[in-house]
Amino acid sequence: MLYIGESLLNGDSALRLNELLGVIAHELGHWRLHHLVLTYLAVEAGLLGLVLATYLLRYFHPLYTVFGYSSKSNGPWLPTRFLIVSFCLFIALGEFYAPLLLLLARHTEYQADAHAASLGYAKSLCSALVKMQNGTFLVMDPLFKVLLLQSPIPG
Ligand SMILES: [Zn+2]
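Throughout this document, residue positions are counted from 1 along each chain, in the order its sequence is written. It should be noted that, the model being predicted, local features are given only for residues of pLDDT at least 70 and side-chain atom pairs only at 80 or more, the latter also being counted only at that level, while totals for whole chains, interfaces and linings use all residues.

With that settled, the discussion passes to helix H2 (residues 17–32). Numbering of helices and strands runs from the N terminus, with a helix taken as a DSSP run of H or I at least four residues long and a strand as a DSSP run of E at least two residues long. Each residue after the first adds 1.5 Å to the expected span of a helix. The terminal C-alpha atoms of H2 lie 22 Å apart, and with 16 residues this matches the ideal 22 Å at 1.5 Å per residue to within 8%. Partly exposed residues are those whose C-beta has more than 12 but fewer than 20 other C-beta atoms within 10 Å; with 20 or more the residue is buried, with 12 or fewer it is exposed, and the C-beta atoms are placed from the backbone. Within H2, burial applies to Glu19, Gly22, Val23, Ala25, His26 and Gly29. Along the axis of H2, the buried residues cluster in a sector spanning 155°; they form a single face. Of the exposed residues in H2, those oriented more than 90 degrees away from the buried face are Leu17, Trp31 and Arg32. Here contacts are defined at the residue level, using C-beta atoms placed from the backbone and a cut-off of 7 Å between them. If you follow the buried residues of H2, they end up packed against helix H5 (78–118) and helix H6 (122–133). The directions considered for the arc are those from the helix axis to the C-beta atoms.

Structural data, given as structure tokens:
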């Protein structure tokens, strides 16, 4: 399903027909190259890794002493162990995995752009992206752009 917002069709930043076709060609590139499935599998792989690491570290006692359990005790109840370990891993590994997912997202965006360009919509997609960016991120920190944006900012 492809949703085209009314702001793309009307108003000051409305897209011309060739620009709209460029955007549609980009989105069709995502579909043709199975980016949704790829992203889903990447997220699921991360979650599977989290579950596996949680299972493997369930008896890693130094982790529980941080939460106030005595080093001489048997540690917390097993479900509590899973909660503590998965919580810690989710935060710690998320710091490393989230940028990898962002890299994947950027890669798929470039591929979708290349798909639109291969159909002859390179210039119209560029001008559409410039129009769509105008007024959305007026002030943007360069570090924010590098770390958090999936698509490159044209211009
Ligand atoms: Zn895209």
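This next bit is on H6. One full turn of an α-helix is made of 3.6 residues, so residues set three or four places apart face in the same direction. Between its first and last C-alpha, H6 extends 17 Å over 12 residues, near the 16 Å set by a 1.5 Å rise per residue. Every buried residue of H6 is accounted for by Ser124, Leu125, Ala128 and Leu129. Buried positions in H6, seen along its axis, are confined to an arc of 140° and lie on one side of it. Buried residues along H6 sit against H2 and H5.

A separate point is the packing of helix H3 (residues 35–56) against H5. Across the interface, H3 lies against H5 with an axial gap of 9 Å and an inter-helix angle of 160°. Judged by the inter-axis angle, H3 sits roughly antiparallel to H5. Between H3 and H5 lies a crossing whose hand is right-handed. Contacts from His35, Leu38, Thr39, Ala42, Gly46, Leu50, Ala53 and Thr54 in H3 reach Phe82, Val85, Ser86, Leu89, Phe90, Leu93, Tyr97, Leu101, Leu104, Thr108 and Ala112 in H5. Its residues assigned to classes, the contact of H3 with H5 comprises 13 nonpolar, six polar and no charged. To obtain each axis, a line is fitted to C-alpha atoms, and for helices this fit is confined to the stretch in contact; angles are then taken between N-to-C directions over 0 to 180 degrees. Our angle categories are set so that under 35 degrees counts as roughly parallel, over 145 as roughly antiparallel, 65 to 115 as roughly perpendicular, and the remainder as oblique. Here a crossing is called left-handed whenever its near helix is offset anticlockwise from the far helix by less than a right angle, and right-handed whenever the offset is clockwise. Think of it as three bins: nonpolar holds Ala, Val, Leu, Ile, Met, Phe, Trp, Tyr, Cys and Pro, charged holds Asp, Glu, Lys and Arg, and polar takes everything else, Gly as well.

Right, let's get into the nonpolar core. With nine residues, the main nonpolar core is built from Leu15, Val23, Ala25, Ala112, Ala116, Tyr121, Leu125, Ala128 and Leu129. Among the elements of the structure, H2, H5 and H6 are those that each provide at least two residues to this core. In terms of residue count, H6 provides more of this core than any other element does, three residues in total. Setting aside anything within four residues of it in sequence, one finds Ala116 in contact with Gly22, Ala25, His26, Gly29, Tyr121, Ala122 and Leu125. Note on terminology: a nonpolar core is any set of buried Ala, Val, Leu, Ile, Met, Phe, Trp, Tyr and Cys residues joined through C-beta atoms within 7 Å.

Quick look at the confidence of the model for the protein now. Detail in the predicted coordinates should be disregarded across regions flagged by low pLDDT. Residues at a pLDDT of 70 or more form 90% of the protein, whose mean pLDDT is 84. For the protein, per-element mean pLDDT is lowest for helix H7 (residues 142–148), which scores 70, and highest for H2, which scores 95. pLDDT gives the predictor's per-residue confidence on a scale running from 0 to 100.

Quick look at the packing of H2 against H5 now. As a packed pair, H2 and H5 sit with axes 7 Å apart at the nearest point and diverge in direction by 120°. The angle between H2 and H5 falls in the class oblique. In this structure, H2 meets H5 at a crossing whose hand is right-handed. Along the contact surface, H2 presents Gly22, Ala25, His26, Gly29, His30 and Arg32, while H5 presents Thr108, Gln111, Ala112, Asp113, His115 and Ala116. Among the residues forming the contact of H2 with H5, the class breakdown is three nonpolar, seven polar and two charged.

Before going further, it helps to spend a moment on unusual backbone geometry. The residue His34 is not glycine, and still its phi comes out positive at about 60°. Tracing the chain through its elements places His34 in the loop between H2 and H3.

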